[in-house]
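# Coordinate analysis (summary)
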Amino acid sequence: FCGYLIEKVTIVERNRDGKFDKALLHKERLLEFDREFTKRTHVYDDQADYFSNTTSMWLEQNEQNDEEEKDEARRKDIHDRKKQTLSLDL
């Protein structure tokens, strides 16, 4: 069970010009867009790699220490990466 009410859309022709059918299809398209919006949305955090939280006055001392450890680990990972070489033999 996914949590959404899944109904089969049946088009009932109420009038001859088809405006009702177009409205139903448009409604279904908008509802589908709304359901899938979170799948397409991704937030990139620019601040995560630029600003340091170790000196933030809004954090408590233990949070600053945790952030300092994370920064040190990130710096170590960046500097310890091995250079990769790719050789192509044709």
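Look up a bit, the structure's there.
Since this is a predicted model, take the numbers as computed values, not measurements. (Residues numbered from 1 in each chain as written. Predicted model: local features only at pLDDT ≥ 70, side-chain atom pairs only at ≥ 80, totals over all residues. Heavy atoms only, no water.)

### What to know about the side chain of Gln-64
As a reminder, the rule being used: Strands here mean DSSP runs of E at least two residues long; helices mean DSSP runs of H or I at least four residues long; both are numbered from the N terminus. Think of it in three bands: with a 1.4 Å probe and only protein chains considered, a residue is buried below 20% of the maximum accessible area for its type, exposed above 50%, and partly exposed in between. By the convention used here, residues are in contact when the closest approach between their heavy atoms is within 4.5 Å.
Summarising the element assignment, Gln-64 is placed in helix H3 (residues 61–79). The class of Gln-64 is buried, set by a relative accessible area of 14%. Setting aside anything within four residues of it in sequence, one finds Gln-64 in contact with Asn-53, Thr-54, Thr-55, Ser-56 and Leu-59.

### Quick look at the pattern of salt bridges
Quick note on the threshold: When a carboxyl oxygen of Asp or Glu lies within 4 Å of a side-chain nitrogen of Lys or Arg, that pair is called a salt bridge.
All chains considered together, the criterion is met by three salt bridges. Across the pair Glu-28 and Lys-27 runs a salt bridge, and its minimum N-O distance is 3.6 Å. Using a relative accessible area of 24% as the deciding quantity, one classes Glu-28 as partly exposed. Taking the relative accessible area as the measure of exposure, Lys-27 reaches 40% and is therefore partly exposed. Its salt-bridge partner being Glu-67, residue Lys-70 comes within 3.9 Å of it at the nearest N-O pair. Note that Lys-70 and Glu-67 are positioned in helix H3 at a spacing of three residues, about one turn of the helix. For Lys-70, a relative accessible area of 54% translates into the label exposed.

Coordinates in, geometry out; function isn't part of it.
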